[in-house]
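Okay, here's what each chain looks like letter by letter:
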Amino acid sequence: MRQSVRMYALAGAILALAATVDLSAPRNAHANLTCSQSAIQGIAPKSVSITSAQETTLGSPFTASYCAVIGTITTLNPGPNQVGFEVDLPDTWNGRLAFFGNGGFAGTLQAVGTTAYDATLQEGFAVAATDTGHVSTAPVPDLDGSFLLNNLAKTEDFAFRSVHVSTQTAKTIIGGFYSAAADFSYYLGCSTGGRQGLVEAQLYPNDFDGLSVGDPAISDPVAGFNWNSQALLATADSWLSPDNIQLLDSSVLAECDGLDGVVDGLIQDPRKCNFDPTTIECTNDNVTGCLNADQVTTLHKIWSGAKSSNGQQLYPGYMQSDPAGADGWEAWITGFTMPTLGVPEPWGTSIFPLQFVFQDQYMKFAVFSNPAYDSLDFSFNNAKGNVSKLVANVARWNSNGLNPNLWPLVHHGHKLLMYHGWSDPALTPLVSVQYYLSVNAAIGNNLNRTRQTARLFMVPGMHHCAGGPGPNTFDTLPPLMDWVESGVAPDSIIATNPDTSRTMPLCAYPETAHYDGTGPVDVASSWTCH
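Residues numbered from 1 in each chain as written. Predicted model: local features only at pLDDT ≥ 70, side-chain atom pairs only at ≥ 80, totals over all residues. Heavy atoms only, no water.

S.K.: Is there a simple way to think about the nonpolar core in this case?
M.R.: Soluble globular proteins tend to bury their nonpolar side chains together. One finds V69, V87, L89, W329 and L416 to be the most contacted residues of the largest nonpolar core, which totals 112 residues. Among the elements that line this core, the one with the most residues is helix α10 (residues 354–367), at nine residues. Setting aside residues up to four positions removed in sequence, V87 forms contacts with C67, A68, V69, V127, A128, A170, I173 and I174. One finds Y66, A98, C190 and F457 within the second-largest nonpolar core, a separate group that totals 34 residues. (Core = buried A, V, L, I, M, F, W, Y, C linked by side-chain atoms within 4.5 Å. Buried < 20%, exposed > 50% of the residue type's maximum accessible area, 1.4 Å probe, protein only. Helix = DSSP H or I, 4+ residues; strand = E, 2+ residues; numbered from the N terminus. Contact = heavy atoms within 4.5 Å.)

S.K.: Would you mind going over the environment of L406 with me for this structure?
M.R.: Its place among the elements puts L406 in the loop between α11 (386–394) and α12 (407–412). With relative accessibility at 1%, the residue L406 sits in the buried group. For the pair formed by L406 and A442, sequence separation is 36 residues and the distance between their alpha carbons is 7.9 Å. Residues in contact with L406, not counting those within four places in the same chain, are A201, Q202, L416, Y435 and V439.

S.K.: For this particular structure, what's the right way to read the state of the cysteines?
M.R.: Two cysteines joined by a covalent bond between their sulfur atoms form a disulfide. Under the definition given, this model contains five disulfides. Residue C282 pairs covalently with C290 via a disulfide, S to S 2.0 Å. Sign of the S-S torsion, about 95° for the bond between C282 and C290, identifies this disulfide as right-handed. (Disulfide = S-S within 2.5 Å.)

S.K.: Teacher, can you tell me more about the pairing of strand β9 (residues 210–214) here?
M.R.: Residues in a regular strand point their side chains to alternate faces of the sheet. Counting buried residues along β9, five of its five residues qualify, which places the element largely inside the surrounding structure. Neither face of β9 is left uncovered, since the one carrying G210, S212 and G214 and the one carrying L211 and V213 both have all their residues buried. Sheet topology places strand β8 (residues 184–190) next to β9; five bridges connect them, and they run parallel. Looking at β9, one finds that G189 is bridged to V213. (Pairing = 2+ DSSP bridges.)

S.K.: Would you explain helix α8 (residues 293–304) in this entry?
M.R.: Quick reminder: α-helices carry 3.6 residues per turn. Residues three or four places apart thus point the same way. Its twelve residues give α8 an end-to-end C-alpha distance of 17 Å, which sits within 8% of 16 Å, the value for a rise of 1.5 Å per residue. Those residues of α8 that sit buried are Q295, V296, T298, L299, I302 and W303. Along α8, the residues classed as buried sweep out an arc of 155° about the axis, all on the same side. For α8, the elements touching its buried residues are α6 (221–232), α7 (242–256) and α9 (329–334). The distance from a side-chain oxygen at the start of α8 to the backbone nitrogen of D294 is 2.9 Å, and the residue carrying that oxygen is N292. With its phi angle positive at about 90°, G305 sits one or two positions after the end of α8. (Expected span 1.5 Å × (residues − 1). Arc of directions from axis to C-beta. Polar contact = N/O pair within 3.5 Å; in protein donor to acceptor, adjacent residues only side chain to side chain.)

S.K.: What is the right way to look at the pattern of salt bridges in this model?
M.R.: Two side chains with opposite charge may pair up if their charged atoms get near one another. One pass over the structure, following the stated rule, counts eight salt bridges. We note a salt bridge from D157 to R161, for which the minimum N-O separation is 2.6 Å. Highlighted residues: D157 and R161, both in helix α4 (residues 152–178), separated by four residues, approximately one helical turn. The class for D157 is buried, based on a relative accessible area of 0%. One connected set of salt bridges, linked through shared partners, spans E156, D157 and R161. (Salt bridge = Lys/Arg side-chain N within 4 Å of Asp/Glu carboxyl O.)

S.K.: Explanation requested: the sheet that holds strand β2 (residues 48–57) in the structure shown.
M.R.: Strand pairing in a sheet relies on backbone hydrogen bonds, with the paired strands running either antiparallel or parallel. Taken in spatial order, the nine strands make up an open sheet running β2-β3-β4-β7-β6-β8-β9-β12-β13, and their pairing is mixed. The open sheet terminates on both sides in strands that have one partner only, identified here as β2 and β13 (454–459). The average angle at which neighbouring strand axes cross in this sheet is 15°, direction not considered. Here β9 runs beside strand β12 (residues 415–421); their pairing, made up of five bridges, is parallel. (Axes fitted to C-alpha atoms, helices over the stretch in contact; angles between N-to-C directions.)

S.K.: Explanation requested: the pairing of strand β15 (residues 502–507) in the structure shown.
M.R.: Here β15 lies mainly inside the structure; six of its six residues are buried. Every second residue of β15 is oriented toward a common face, with R502, M504 and L506 on one face and T503, P505 and C507 on the other, all of them buried. Two strands pair when backbone bridges link them, and strand β14 (residues 492–497) and β15 are joined in this way by six bridges, in the antiparallel orientation. Opposite S492, over in β15, you have C507 as the bridge partner. In this structure, the hairpin formed by β14 and β15 is closed by a connection of four residues, where S501 is found at a positive phi of approximately 65°.

S.K.: What is the right way to read the packing of aromatic side chains from this model?
M.R.: Think of a pair of aromatic rings as described by two things: how far the centres are apart, and how the planes are tilted against each other in angle. This structure, assessed with the given rule, holds 22 aromatic pairs. Each ring, one from W347 and one from F356, has its centre 5.6 Å from the other, and the planes form 55°; the classification is tilted. Each member of the pair, W347 together with F356, is buried. Through successive ring pairs, a cluster of aromatic residues spans F105, F147, F158, W332 and F358. Between the NZ or CZ atom of R195 and the centre of the ring of F158, over which it lies, the distance is 5.4 Å. The cationic tip of R455 hangs over the ring face of W483; the distance from NZ or CZ to the ring centre is 5.9 Å. (Phe/Tyr/Trp six-rings, centres within 6.5 Å; stacked < 30°, edge-to-face > 60°. Lys NZ or Arg CZ within 6 Å of the ring centre and 35° of its normal.)

Following this line, the structure appears as structure tokens:
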């Protein structure tokens, strides 16, 4: 099983739109400018160099024609650096801009050409994306962190500048091309894109009227990734095999499925699950189909989360629910093959587990500025100041997405729609819950007031941005548009599992879905939010 990292890192954005959605348009505008490099350069900001502009038509099943504009933006102080962007301008424009976020370390215009991007363009949106200020030629660009090495300009652009300057550039070009500004601007992103969206809301609250932010890479996931990797490699018996993960998955489900009042193959809120892994630990009479003592220790470490030796929680722990599946723990935490102990790259050239690769790249190039650094030597007891150095690095420029002060967003009247899979094996869902609660505290512990600006939807059984056994496919843009343009806040969003056809309402936190006790459990109408 080797699937593109883009599937994991961008899955939430790819699923953010459905091509069949009927999106009413505030206007029906047409271009007032020729689609050419020279014409677009004439309306672009001085810091922008237009590489190309040409009339293009989407491929099947889409039919929209548009002006595809590609260029770079020069950033300064620090700099100069070149931020790549694309903005696509439909021949028939609905007066809206949709900006798509990135995944992983980016390094390409990742969203361009995806189903979600093209579907949005088909519906008449002007759509835009950025490479975040660097171009990677690595086999898997999303996993290449080498641009972070001793390059403050590229690091700063990746951390927070690129989305902002690309958005401002897109708006300027749109205004010149159609002789009218966009009526509404929307942001769509998951994973790294989720972090980018929250940073936009916090630092540049007037960039977007509405933001859809999924499974965000906020807080200090690098600490969590490294912690999990060290736990798996602590001893020769610590690693969890795919068979171990499947045993864990079925055992957790058997114990915790009914905690929400109905046995339906889905754990609604895994925080209520307190599965004891010693119940499947090997004994003298049973040495197969069980876990050894070191594996039990590994699970406790992963579930408890990364901590420094003085007890400081660096990154929350992971949920017990739904670790199995091709896009579950094996892809992100444990890997599909047994690691080799005592070497800097325990899984060799494999891109799995993704957590090890991401933290290894970040530690080497961003934190310690040493391509030869062995990330497994990182010390959680703060030897040589390791923890302090990592914490300071991740928090630079407030780009870790944790600033709870959304008062500027409130004052602008803009809206934030967050979501996170309860069974996310990449980025623990607890970061989204904790962040939402911190926003509520900053607004005065007034949940009604908070929900006028920001709403969080937790997704039972969903893995990272998509996948998993739960209802993992849903469209956040129509409810976000209703909220922004008509003042109708979403109390629930209907989600579907395309593999099972199951539907279920996702509820605005802290509400959860409850079964009515009579209808089919796999139909959304049998569930209510309260």
